[in-house]
Each structure stands twice: as C-alpha cells, then as structure tokens.
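Per-entry structural report
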Amino acid sequence: MERTTAVIPAEDIQRQTKYCAEIKVLNQQRQVPPMAYVDTYGCQQNEADSELIRGMLADMGYEITDTSDGADVIVINTCAIREHAEQRVFGNVGALIHGKRKKPGQIICLCGCMAQEAHVAERLRQSYRHVDLLFGPQALWRFPELLRRVYLRRGRVFDVDASDGAIAEGLPVRRSGKLKAWVSIMYGCNNFCSYCIVPYVRGRERSREPEAILNEIETLVGQGYKDITLLGQNVNSYGMDLGSGMDFPTLLERTNAIPGDFLIRFMTSHPKDATDRLFDVMRNCERVAPCLHLPFQSGNSRVLRAMNRGYSREEYLDKIQALRERVPHIVLTSDVIVGFPGETTREFEDTLSLIQEVRFDALFTFIYSPREGTPAAKLDDPFTREEKQVNFDRLVEVQNQISLEKHQAYIGTVQRCLIDGAGDDPRSSLKARTAGNRLVHLNGDSALIGQFRDVRITHCSTFALFGELI
Ligand code: 5AD
Ligand code: SF4
C-alpha cells in the first residue's frame, strides 16, 4: 500500500532555501543586521512551528530578538482554540501599530490557527491594515516565499490555503532549549470533536515518515537533548496514512531503541485510540516517561456523545484501569471542558465524580468557548456564564485537593530528576522535573543543569514539589 497523504517534493523545499539565501544577500547589504521577533500563543505544536519560523528567519539573515520593539520583522503565531486566546491576539496585534508608526519599514506577519479562519482574515484585512502578511499552518513551509513577496513588492499578502495540508521535511529549525525538544510526528486532526476548531484550521491527519522522525531524534540525542516530546494532535493515530503498517506504539519502540540517556514523552493521546498495546509498550520501554496526558473532556456519556468523542465514561475508566494494571505509578493528566452547551449540573457532577475516581495528578480545566463553524456553536445553550463558573470553581477546588494529596505522597521518596534550569527564588536555585514531569524546586550549583540526579522530596505545594540533592 502507498501513503495516502501528500509530501512536499524536495525541489519545492529547495526553492524556499533559495529564497532564504536571496533575502539574506539583501539583508547583508544593510548597515545594521535586521532583527526578527516571533511571538507564540497556544499549544506546543505552535511552539514547535515557531522554532521552524525562527530557523527560516535566521537563514534569511535576521537576528532573532526577544522583543517586538524595533524589530524589522514581527511574526505572531496565533491560537484559535478559545475566544480568550483570540481576543488577546487582536489586542496585542492592534497595539503593534504604534511601533510600526515609528518604524514604517517594519513587516508584521500573523500566522497559526487564527490565520486560517475566514472571519479573522476578513477582520485583519479591513481593520488591521498594519498587518502585511497572513498565512495559515498549511502554508508554513512557504514562509520564505511569502515574506519575500512582501519584502520585494511591499504589498500585503494574505495566503489562506484551505488544502488538507502536506508533510514538509528539511526545514531549518532554531530550537529554544538545549535540553528539551519538540519533535512533530504528525499534523492535523480527523476527529472533529464538536466543540473544536482544530480540524478546520490544521487540515487532515498526516504522518511524517518514521525514518525522518528517528533521524531527527538521533541527532537531538547526539546534541545532548535529554527530554524529547513527540507531538501530534492525536499521536495515537500516527502512521494510519503511511500505508506501511507503521503505528504509534511501534514508533515509540523504535525511539526507545536509540542509545543514550534521554526521556521520551508524547502528546496528545485520544482515549478512543489509546490501546492496550500502547500501554504495554509504555511499560516495556525504559526511556518512555511514565506519564500520560489523556484528555477526557467530560465524565458524562451523553455529553461525550454530543462532543463526538467516540467513547463513553465507562470506556474511559476501563482504559485507565488497563493502563494502571500495566504501569501502576503512571502520572496521569487530562483536559476537561465545563459548560458544554446544554450540560446540566447533574451531568457536570459526573465529571466531578470521574476526577474523584481517577485522581489525576493534574488537570487542565477549560470553560466551553463557542467556535464559529463548529457544530457545538449551533447548539442551544441555556446556561449562563455565571452558572458555568460556579461548576468550574468547584472542579478546580476538588482537583487542587487531589493534586496536593498526590504531591504529599512524594514526600520522603527519592526521584530521578532532570535538572533543567535555574530557579526563580534564591531559596531554590534550580528547577527540575521528575520522570513523570512533576516540577521540583531545589538548591544546588548551576553546573548541574542538564544532568539527571537523584532528589529526595522534602515538602510540596499543590503545584510543585521541593527537594534536596542526594
Ligand atoms: N472550548 C473550551 N475548551 C476547548 N478545548 C478545545 N476546544 C475548546 C473549546 N471550544 C480544550 C480541550 C482540548 C484542549 C486543548 O482545549 O479540552 O483538549
Ligand atoms: Fe480538537 Fe478533538 Fe482533534 Fe483534539 S482530537 S484537536 S479536541 S478535534
């Protein structure tokens, strides 16, 4: 069988490399090296995309700065998942007009998920005339070509490509960290959960070839990266389009076989595709971190059906049981939405009871936000924001108590942690992460950063552990 999703031909990527070189020559003729700033909203996939954008900008001869002030190119990589994220972007993009008045040659670009929404493109076209370039996630690999068009012609370029998207290999990358790295293994989503905008803005699921992924990871391990997160909207359906029988558990096994002292994490997993085979592989692979982010969204089967999630409350709980039988000390995290249209307080209670039954280590909690174009946005929603807020606050309170108790159980234990940075408090000069990705504050020499060390946990709070080096 052949793969069913498109791969960008190498010569098309090379053309982008050529555009980068062309802009670099122009940039080198300037007296002061031009500066570029990339601001990222939203999820880890966006962080990873921004690392590619910075890579391309560096190849075009830009120095990467960490402020928009005075930058020659500003790229805003946006998130559309909730209304609040969009409002922040509109506010911040609006404010950029003042900087542009002082620096008229400045090029302002907006990309990411919001760029792919028709109503956003229209609003930017009409009311944000200082934005020069707009392109969606599917056009990311063509950024050099699009920027060149703005650069040379000074016209506005709006490139909203409604295609299913493709796989682009060989783009330059400028990573933000030296210890932790993101590796995208697939793009897009086919699930169409009824509340979610992602499938409309990020195209269909498509997987990178395993060899490309494994080469990238091997290179990262060789460069000293210690904590590698495989990214995809739904990593559990990795490989389905490849036509080679490759699947996510097999990719994990092959990643695990790469020699070196490093941890493998992955996100996000969809419960309907998380199989016993995945859990077996997690148990058997020593480099695969003992943690799983498995969004449940609601604890009520009627709401789950209305969300088009493809599993019931009971099926979710069965998965958790199957996982815990295999990996008893698994660190579990999840996402949950409160106030889906028509969710009654009685139905919300099922969400509360699910978190009490599962006892997640941490939870990412959201109030439902209607997204234009999704089926849920058309549903009747008789409940007010205030009513939803009451339930939301109850949920957070219950979860905070569980998180605290989970953390208390670490006190007195010894955890192998990756020391991954300086602390922000003089009493705890270092920060670290357990294998299960719990944050640990501790004291020690900054020369330890980058090492795996045994740490005895001495006390805790709801959101962090505190420990001392052994
Ligand atoms: N409203 C609120 N939360 C949402 N999420 C996705 N779409 C919405 C929405 N419209 C949440 C889900 C998802 C996480 C990334 O964001 O919980 O897992
Ligand atoms: Fe959105 Fe559902 Fe796809 Fe996740 S699996 S990105 S929640 S549609």
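Rules used in this analysis
Numbering of residues begins from 1 in every chain and follows the order in which that chain's sequence is written. Starting at A for chains and at 1 for ligands, labels are handed out in the order in which the entities are written. Only residues with pLDDT of 70 or above have their local features reported here, since the model is predicted, and side-chain atom pairs are shown and tallied only from 80 upward, although totals for entire chains, interfaces and linings are computed over all residues. Excluded from the side-chain calculation are hydrogens and water; included are all heavy atoms of the structure. Geometry is summarised by axes, namely lines fitted to C-alpha atoms with helices restricted to the contacting stretch, and by angles between N-to-C directions that run from 0 to 180 degrees. Every helix listed is a DSSP run of H or I at least four residues long, and every strand listed is a run of E at least two residues long, numbered separately from the N terminus. Throughout, the term roughly parallel applies to angles under 35 degrees, roughly antiparallel to angles over 145, roughly perpendicular to angles from 65 to 115, and oblique to all others. Left-handed is the label given to a crossing in which the near helix is rotated counterclockwise from the far helix by less than a right angle, and right-handed is the label when the rotation is clockwise. Contacts are residue-level and defined by heavy atoms, with any inter-residue pair within 4.5 Å sufficient. Only Asp, Glu, Lys and Arg are considered charged in this grouping, and only Ala, Val, Leu, Ile, Met, Phe, Trp, Tyr, Cys and Pro are considered nonpolar; every other residue, Gly among them, is considered polar. When accessible area is computed with a 1.4 Å probe and restricted to protein chains, residues below 20% of their type maximum are described as buried, those above 50% as exposed, and intermediate ones as partly exposed. When we say a residue is near a molecule or strand, we mean one of its heavy atoms is within 4 Å of it. By convention in this document, the label disulfide applies to cysteine sulfur atom pairs within 2.5 Å.

**Structural notes on the packing of helix 2 (residues 44–59) against helix 5 (residues 143–153)**
Contact geometry for helix 2 and helix 5: axes closest at 10 Å, N-to-C directions at 55°. Comparing their axes, helix 5 and helix 2 come out oblique. The two elements helix 2 and helix 5 cross, and the hand of that crossing is right-handed. Note on element contacts: helix 5 touches helix 2 through Phe143, Pro144 and Leu147, opposite Ile53, Met56 and Leu57.

**Some details on the packing of helix 8 (residues 248–256) against helix 9 (residues 276–284)**
Two elements in contact, helix 8 and helix 9, have axes whose closest approach is 9 Å; the angle formed by their N-to-C orientations is 10°. With respect to their mutual orientation, helix 8 and helix 9 come out roughly parallel. Here Phe248, Pro249, Thr250, Leu252 and Glu253 of helix 8 lie close against helix 9, whose contacting residues are Arg277, Leu278 and Val281. Here the residues of the contact of helix 8 with helix 9 are counted per class, giving five nonpolar, one polar and two charged.

**Topic: the environment of Lys178**
Along the chain, Lys178 turns up in the loop between strand 6 (157–159) and strand 7 (180–184). Looking at Lys178, the relative accessible area reads 71%, which means it is exposed. Measuring from C-alpha to C-alpha, the distance between Lys178 and Asp227 comes to 9.6 Å, with 49 residues separating the pair along the chain. Apart from residues no more than four positions distant in its own chain, Lys178 is found in contact with Gly224 and Tyr225.

**Some details on the site of ligand 2**
In the vicinity of ligand 2, the contacting residues are Cys189, Asn191, Phe192, Cys193, Tyr195, Cys196, Val198, Pro199, Gln233, His270 and Arg309. Across the shell around ligand 2, the residue classes tally to seven nonpolar, three polar and one charged.

**Quick notes on the state of the cysteines**
The term disulfide refers to a covalent linkage connecting the sulfur atoms of a pair of cysteines. Taken as a whole, this structure holds zero disulfides when the rule is applied. Here Cys79 is not disulfide-linked; the sulfur of Cys113 is the nearest cysteine sulfur, at 6.4 Å. With a relative accessible area of 11%, Cys79 lands in the buried category. Cys113 gets classed as buried once you look at its relative accessible area, which sits at 8%.

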